[in-house]
Amino acid sequence: MSKASLLHSVVGRVVAVTALGAIAIGGTLALFFAANSSLKHANQENARATAIDTAAVNLRVHVLELATAFEAVVGGNGKQAVQQWKTAEQSWRQPAASLAQAAAPSQGLEAESLGVRAQIEAFLTDFAEPVIAIAKISPALARSSTSQTERTIRIDEILKATDTMSTVAASEAAQSSASANRLAHRAQVAGLAALIFAPLLLVGLAIWLAKSVAAPLRRTVNAASEVAAGHFEVRLDDRRRDEFGELGHAFNAMTKSLAVSRDELVARAESLEQAERHKTELISMVSHEVRTPLASILGFTRLLLEREVDEDARRRYLEIIDAEATRLASLVSDFLDARLIEEGQFALRPELFDARALVLEQAELALVHDEAHDLELQLHDTPLLVQADRLRLTQVVANVLSNAVKYSPAGGTITVGAAPSATGARIWVDDEGTGIAPEHRAQIFEPFFRGGAPDAGIPGTGLGLAVSRRIVHAHGGTMGFDALPGGTRFWIELPLEQPVDEVDPVRPRPAPTGVPSP
Amino acid sequence: MAARTLRPLILICDDEMPLRELIKAALGDTYRYVEAADAQEAEDVLGEEQPDAIVLDVMLPGKSGIEFLTELRRASTPSPSDLPVVVVSAWQSADDEQAAMTAGADAFIGKPFDPEDLASLVEGLIAA
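Let me begin by describing the structure that accompanies this report. The residue numbers shown here count from 1 along each chain, following its written sequence. The naming scheme follows written order: chains are lettered A onward, ligands numbered 1 onward. Thresholds applied to this predicted model are a pLDDT of at least 70 for local features of residues and 80 or more for the giving and counting of side-chain atom pairs; totals over whole chains, interfaces and linings are not thresholded and use all residues. By convention in this description, side-chain values take in all heavy atoms of the structure and omit both hydrogens and water.

Turning to the overall build of chain A, a few remarks are in order. Comment: elements are numbered from the N terminus, with helices defined as DSSP H or I runs of at least four residues and strands as E runs of at least two. Along the backbone of chain A there are 12 helices and seven strands. Considering chain A as a whole, with its 518 residues, one finds that 37% of them fall into the buried category. Contacts: residue pairs with any heavy atoms within 4.5 Å of one another. Partitioning the intrachain contacts of chain A with sequence separation of at least 6 by distance along the chain shows that 73% fall at a separation of at least 24. For every accessible area listed, the method is Shrake-Rupley and the probe measures 1.4 Å; residues are considered covered only by the protein chains on display. For chain A, the exposed area adds up to about 29200 Å²; of that, 59% sits on carbon and sulfur atoms. The buried label applies to any residue whose accessible area, calculated with a 1.4 Å probe on protein chains only, is under 20% of its type's maximum; exposed applies above 50%, and partly exposed to all values in between.

Encoded structure:
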């Protein structure tokens, strides 16, 4: 899964929601820390302002003492005054240093404090000491109004400067406090907002997350239930770009594969069922085909053995026994042929002969005892030479003819023909039966396949056509059928041999075309 | 001649000619016979004649012997519904016999059968 689709994955969403919650909480906390630190700073500022103010007041006291002592010295108050001056001249330095120290963190205030000190130094060196020196010489001069004014100005300036420092420090502290208060207020508001909105935001995100997981999960559960109920055509949305898309993809692949497996199983079950049905039909067919002639043979034999019968009846019974035994024998031979087909063993004894003769002979034989159908012959004028096993080809033609008789309604015409075609020698038999049902056409040459014959009560083994086609194929020919408007045409096509002079004798029987059988 | 006309009439319905011959031979001269090769022919016969018993094959072209018998038992005319019917079948499982009896057969006999068995079966049914 690419980074671009991070938000489309469930894991990505969980991470995103958690991160948003963490940012909300972290932001609020950071704001509180900032407010706290700002308040601490404001407290420090206040303490410094107080220290500066205290130091400034202290310094002012000493400056006033200095002024008083100066006044006393200049006033000529004797040694006590001189002593007082000497003390004052030194004692201001300590408070001045304290002020400088208190003002040190602020460059402006520190410079200011140094300025104050310089002013005091200047008062001492530039004014007080020279005036005191003058006072020793001329006390009157020293006490002049000019001197007094100068002193007042200088002392006032110094006091004013210390005052200013107090004011500035107090103002800076006030500013700092205000700023800290504003920040604290902001932190309070933000904290309150975070307190109210963060849970709402988190709950909202949690609901969104749950929905984005729960809804597709619900659909998956429903789809799984459908599959459990056997509805394999159910599909999940596999175009989603999250894990549910992947789940949908895998789920759909699973249901598809389940459907394929089920269809295969159903098909296999059906084919087994069909095989089972064929087996049952085969057993039922064999049972009928064998028991019917056996019933006649055993029944008539029993009658001959147990009853006195006259000569006519005896002969008639024996004829029936003979015919039915022959029928059984041909049934057994059909089964043997079918087995040969299965094993692919067909020994042909080919000879060159006129197929028209064989067709005519078999047509007459098939219909001589059949009064229910008319025969129409369509035989070509010239010999139709084929290189074939005469007995096997006879078997094929007889089979197709007997089918035509079997499946044609009484009064119908059976048309038998033989003629050269574009690809060889063609033999055909048309009946006027009901035709072969479309769903049976593909299987008509399968061994034991009898289509609708069992339901119609038409006897047979379902082997005749299968054996016939195998024989025709063994000759290098083809066999098939065409649906006619009123019936079916079965045809056989064999390689046509060119007439050779020494082939003799080819005795085509008179080929009556369009003549019904007797 | 009067005695001859009193001989019971048997309808034999079987598509196999040799089987019809065998049934006639087995039952002998005691009866008169009328033959049908399928259910349709049998119905036509019943429209004209009143047989005393029917020997009926199961596997007939078109309508089966069982279907024919079921319809015969359902209809009161043209033949009495208590007309004795012997069903002859190449299929002789318990199911096949049960189907024949359910359809209304009085007796069931499988192919191949002993001619004497069939004869005594028919004789018993007509006498009853």
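The subject of this paragraph is the packing of aromatic side chains. Residues and elements named next belong to chain A. Paired rings are identified among Phe, Tyr and Trp, the last through its six-membered ring, by centres lying within 6.5 Å, and are further divided according to the angle between planes into stacked (under 30 degrees), edge-to-face (over 60) and tilted (the rest). Per the counting criterion, the structure on display carries eight aromatic pairs over all chains. Here phenylalanine 70 and tryptophan 85 contribute two aromatic rings whose centre-to-centre distance is 5.9 Å and whose plane-to-plane angle is 55 degrees, an arrangement assigned as tilted. Of the two residues, phenylalanine 70 is situated in helix 1 (residues 10-74) and tryptophan 85 in helix 2 (residues 78-91); the sequence distance between them amounts to 15 residues. Here phenylalanine 70 matches tryptophan 85 in class, with each residue buried. Ring geometry for phenylalanine 481 versus phenylalanine 490: centroids 5.5 Å apart, planes at 40 degrees, classification tilted. Classification of phenylalanine 481 as buried rests on a relative accessible area of 18%. Through a chain of ring-to-ring contacts, three or more aromatic side chains come together here, namely Phe70, Trp85, Phe123 and Phe127.

So, on to the interface of chain A and chain B. On the side of chain B, 23 residues touch chain A, which itself brings 25 residues to the contact. Contact with chain B buries surface across chain A, with His288, Arg291 and Arg307 of chain A losing the most and accounting together for 26% of the total. The working definition used for a salt bridge is a side-chain nitrogen of Lys or Arg within 4 Å of a carboxyl oxygen of Asp or Glu. Viewed at the interface, chain B and chain A are joined by four salt bridges. Put simply, glutamate 116 of chain B and arginine 307 of chain A hold a salt bridge, and the shortest N to O gap is 3.2 Å. Joining two parts hides part of their accessible area as seen by a 1.4 Å probe, and the buried area is that hidden amount summed over both.

Before going further, it helps to examine the sheet that holds strand 4 (residues 413-420) of chain A. The strands making up a sheet are joined through hydrogen bonds of the backbone, oriented either antiparallel or parallel. Residues and elements named next belong to chain A. Strands sit in the order 2-4-5-7-6 across an open sheet of five strands; the sheet is mixed. The sheet is open, and its two borders are formed by strand 2 (374-379) and strand 6 (478-484), each paired with just one other strand. Each strand of the sheet is rotated relative to its neighbour by a mean of 15 degrees, with strand direction disregarded. Any two strands are treated as partners once DSSP identifies two or more bridges connecting them. By the bridge criterion, six bridges tie strand 2 to strand 4 in an arrangement that is parallel. Residue pairing across strands places glutamate 376 opposite threonine 415, the latter belonging to strand 4. Axis lines are fitted to C-alpha atoms, over the contacting stretch for helices. Their N-to-C directions set the angle, which ranges from 0 to 180 degrees. Here helix 9 (residues 355-368) sits on the sheet in contact with strand 2, strand 4 and strand 5 (425-431), set at roughly 180 degrees to strand 2.

Moving on: the environment of glutamate 67 of chain B. Residues and elements named next belong to chain B. For glutamate 67, the position within the fold is in helix 4 (residues 65-74). Sequence spacing of glutamate 67 and alanine 100 is 33 residues, and the spatial spacing of their C-alpha atoms is 9.5 Å. In protein, a polar contact means a hydrogen-donor-capable atom and an acceptor-capable atom, both N or O and within 3.5 Å, with residues adjacent in sequence counting only if both atoms are side-chain atoms; elsewhere, any N or O pair within 3.5 Å suffices. Among the polar contacts listed, one links the side chain of glutamate 67 to the backbone nitrogen of serine 64, at a separation of 3.1 Å.

Along the chain, glycine 299 of chain A turns up in helix 7 (residues 243-306). With 22 residues separating them along the chain, glycine 299 of chain A and isoleucine 321 of chain A place their C-alpha atoms 9.1 Å apart. Filtering out sequence-adjacent residues up to four positions away, glycine 299 of chain A remains in contact with Leu294 of chain A together with Leu22, Phe113 and Pro115 of chain B.

This part covers the nonpolar core. Note that soluble globular proteins tend to have their nonpolar side chains buried in a common cluster. Residues and elements named next belong to chain A. Counting residues in each nonpolar core, the largest one holds 41 residues, and the members touching the most others are Val386, Val416, Met479 and Ile492. Once residues lying within four places of it in the same chain are set aside, the contact partners of isoleucine 492 are Val396, Val397, Val400, Ala425, Arg426, Ile427, Val472, Thr478 and Met479. Among the nonpolar cores identified, the runner-up in size contains 39 residues, and Leu66, Ala72, Ala142 and Leu159 belong to it. Buried Ala, Val, Leu, Ile, Met, Phe, Trp, Tyr and Cys residues that are joined via side-chain atoms within 4.5 Å together make up what is termed a nonpolar core.

Right, let's get into the side chain of aspartate 57 of chain B. All names here are of chain B. Looking at the element boundaries, aspartate 57 is found in strand 3 (residues 53-57). Within polar-contact distance, the side chain of aspartate 57 engages the side chain of lysine 111 at 3.3 Å. Leaving out residues up to four positions away in the same chain, aspartate 57 has contacts with Cys13, Asp14, Asp15, Gly65, Val88, Ser89 and Lys111.

Residues and elements named next belong to chain A. Where helix 4 (residues 107-137) meets helix 6 (residues 145-228), the closest approach of the two axes is 10 Å, and the angle between their N-to-C directions is 170 degrees. With respect to each other, helix 4 and helix 6 are oriented roughly antiparallel. Note on residue categories: nonpolar means Ala, Val, Leu, Ile, Met, Phe, Trp, Tyr, Cys or Pro, charged means Asp, Glu, Lys or Arg, and polar means any other residue, Gly included. Here the residues of the contact of helix 4 with helix 6 are counted per class, giving 13 nonpolar, five polar and seven charged. For classification purposes, an angle smaller than 35 degrees is called roughly parallel, one larger than 145 roughly antiparallel, one from 65 to 115 roughly perpendicular, and anything else oblique.

Remember, this is a structural readout, not a statement about activity or role.
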